[in-house]
Amino acid sequence: MTEDSDEALMRGIAAGEERALRALAARHLERMRRLARKTLGSEAEADDVAQEALIRVWTHAASWRPERARLSTWLYTIVWRLCVDRLRTMRTVPMDHAMQAEDPKPSALETLTRAGDLDRLAAAMRALQPRQRAALTLFYYEEMNGPDAAQVLGLSLRAFWSLLHRARQSVQQHMTSLSTGQS
Amino acid sequence: MTLAQFIHCLDTYGADFRRWPDQDRAAGERLRDTSPEARQRWEAAHRLDELFALDRASAADRSRESVITDAALRRIRNLPTRKSLDWRWLFRPPMGAALGATLAAGLIAGFYAGPVLHRSAQEMGPLAVTALLDGEEELL
């Protein structure tokens, strides 16, 4: 059985087929959630954003034009904008505090020997601005190219590279300081 | 490529040379293979890239995704029905048949009633004008 293309799925969603939305979620939701989780630093907030994003996909499916943007870029843009909206309302909650919320389901990998490194990475990511976290997530976790990631964040390519550079440097500096602080 | 340029690229694009700009890739690989300091920097960047990949792999939770999709679909079912901007429904049965019948009835009525109406209008026309002028005179 062949998988439907993104275009076919979006046509199905625009025609009101729930099956098509489920198939799209199976294909893209994990990555959409990851961007939201990394940007917002909270599993619960990321779940809400992912749910809201699926509803936006349903109501705006007809407005997606494959010749203008890849579906993944369009989806990430929806998620990023929802994250920005949510960050505005989260202003009263210190970001670091929000991000220290325990993940209710720690994965098996976190118990492995590199768990310390992952903890330090998580701490370093928490120290970044949400936009820097989003840049790192899109480029290094989602393996998007620069122009697409810049489009998602609404930046020029030059501004995106600059943001990414600062974000990665900050992560390295934080991780180094955390390592030396522990030794 | 200088060491400073190499470090700048590492801090932006990471240790995977495939992600570097085309014009810097070969020079970057050469410097890594010839300069011990560049090699050391590259290895540190590579460790961070590996950590990103490990972090990426550690978070997938498929069961949560189906819960989110189900919740979204429940909300979607309660949304007001989407209004279509498609006008083709006008020309499909039964609306298309009704529209066609109305047009045909209009044409037939026009064909038969037209001359009669035209004639009566010609007859009534001067009378109407006279009545109007009379009315104006009365007002004056």
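Residues numbered from 1 in each chain as written. Chains lettered and ligands numbered in written order. Predicted model: local features only at pLDDT ≥ 70, side-chain atom pairs only at ≥ 80, totals over all residues.

Draft legend 1. The arrangement of the overall build of chain B in detail. Looking only at helices and strands, chain B features five helices and zero strands. Of the regular secondary structure in chain B, the N- to C-terminal order runs α-α-α-α-α. Per-residue burial for chain B yields a buried fraction of 14% across its 140 residues. Restricting the contact set of chain B to residue pairs at least 6 apart, pairs at least 24 apart contribute 51%. (Helix = DSSP H or I, 4+ residues; strand = E, 2+ residues; numbered from the N terminus. Buried ≥ 20, exposed ≤ 12 C-beta atoms within 10 Å, placed from the backbone. Contact = placed C-beta atoms within 7 Å.)

Draft legend 2. Fine view of the overall build of chain A. In terms of helices and strands, chain A carries nine helices and zero strands. Tracing chain A from N to C terminus, the helices and strands come up as α-α-α-α-α-α-α-α-α.

Draft legend 3. Structural context of the nonpolar core. Residue and element names in this part refer to chain A. Core analysis: the largest hydrophobic core is formed by 63 residues, its most contacted members being Ala 53, Val 79 and Ala 135. It is helix H2 (residues 18-40) that contributes the most residues to this core, nine residues altogether. Setting aside chain neighbours within four positions, we find Ala 53 in contact with Met 32, Leu 75, Ile 78, Val 79 and Leu 82. (Core = buried A, V, L, I, M, F, W, Y, C linked by C-beta atoms within 7 Å.)

Draft legend 4. Here's a closer look at helix H6 (residues 115-126) of chain A. Residue and element names in this part refer to chain A. Over its twelve residues, H6 extends 16 Å from the first C-alpha to the last, a length consistent with the 16 Å expected when each residue adds 1.5 Å. All buried positions along H6 are accounted for by Arg 120, Leu 121, Ala 124 and Met 125. Considered in projection along H6, the buried side chains sweep an arc of 140 degrees and stay on one side of the axis. Exposed and oriented more than 90 degrees from the buried face of H6 are Gly 116 and Asp 119. (Expected span 1.5 Å × (residues − 1). Arc of directions from axis to C-beta.)

Draft legend 5. Just the interface of chain A and chain B, in detail. Each side of the interface is counted separately: chain A has 29 residues, and chain B has 23 residues. Among the elements of the structure, H2, helix H3 (43-60), H6, helix H7 (130-141) and helix H9 (157-182) of chain A are those that each provide at least two residues to the side of chain A that touches chain B. By residue number, the principal contributor to the side of chain A that touches chain B is H2(A), which donates seven residues. Counted by class, the side of chain A that touches chain B contains 14 nonpolar, five polar and ten charged residues. (Nonpolar A, V, L, I, M, F, W, Y, C, P; charged D, E, K, R; others polar.)

Draft legend 6. Main features of the packing of helix H1 (residues 6-14) of chain A against H2(A). All names here are of chain A. One way to put it is that H1 packs onto H2 with a least axis distance of 7 Å and a crossing angle of 140 degrees. One way to sum up the angle between H1 and H2 is to call them oblique. Note that H1 runs across H2; the crossing there is left-handed. Where H1 approaches H2, its residues Leu 9, Gly 12 and Ile 13 are matched on the opposing element by Arg 19, Ala 20, Leu 21, Ala 23 and Leu 24. Counted by class, the contact of H1 with H2 contains six nonpolar, one polar and one charged residues. (Axes fitted to C-alpha atoms, helices over the stretch in contact; angles between N-to-C directions. Parallel < 35°, antiparallel > 145°, perpendicular 65-115°, else oblique. Left-handed = near helix turned anticlockwise from the far one by under 90°.)

Draft legend 7. Highlighting the confidence of the model for chain A. Residues and elements named next belong to chain A. Of the residues in chain A, 84% reach a pLDDT of 70 or more, and the chain-wide mean stands at 85. Predicted confidence in chain A is weakest over helix H5 (residues 95-99), with a mean pLDDT of 44, and strongest over helix H8 (residues 146-153), with 95. The low-confidence segment residues 92-112, where pLDDT is below 50, has 20 contacts with residues more than four positions distant or belonging to other chains. (pLDDT = per-residue confidence, 0-100.)

Draft legend 8. Representation of the confidence of the model for chain B. Put simply, chain B has an average pLDDT of 80, and 71% of its residues get 70 or more. Among the scores for the predicted complex, ipTM is 0.74 and pTM is 0.69.

Draft legend 9. Layout of the environment of B:Ala4. Mapping B:Ala4 onto the fold places it in helix H1 (residues 3-13). When the C-alpha positions of B:Ala4 and B:Ala38 are compared, they lie 9.4 Å apart, and in sequence the two are 34 residues distant.

Draft legend 10. Inspection of H8(A) at higher detail. For H8(A), the set of buried residues is A:Gly146, A:Ala149, A:Ala150, A:Gln151 and A:Val152. Immediately beyond the C-terminal end of H8(A), within one or two residues, lies A:Gly154, with a positive phi of roughly 70 degrees.

Draft legend 11. Region of the structure containing unusual backbone geometry. The residue A:Glu143 is not glycine, and still its phi comes out positive at about 55 degrees. With 14 C-beta atoms counted inside 10 Å, the residue A:Glu143 sits in the partly exposed group.

Draft legend 12. Highlighting the packing of H7(A) against H8(A). Residues and elements named next belong to chain A. As a packed pair, H7 and H8 sit with axes 10 Å apart at the nearest point and diverge in direction by 145 degrees. Along this stretch, H7 crosses H8, giving a crossing that reads as right-handed. Contacts between H7 and H8 involve Arg 131, Ala 134, Ala 135, Leu 138 and Phe 139 from the former and Ala 149, Val 152 and Leu 153 from the latter. A breakdown of the residues in the contact of H7 with H8 according to their chemical character gives seven nonpolar, no polar and one charged.

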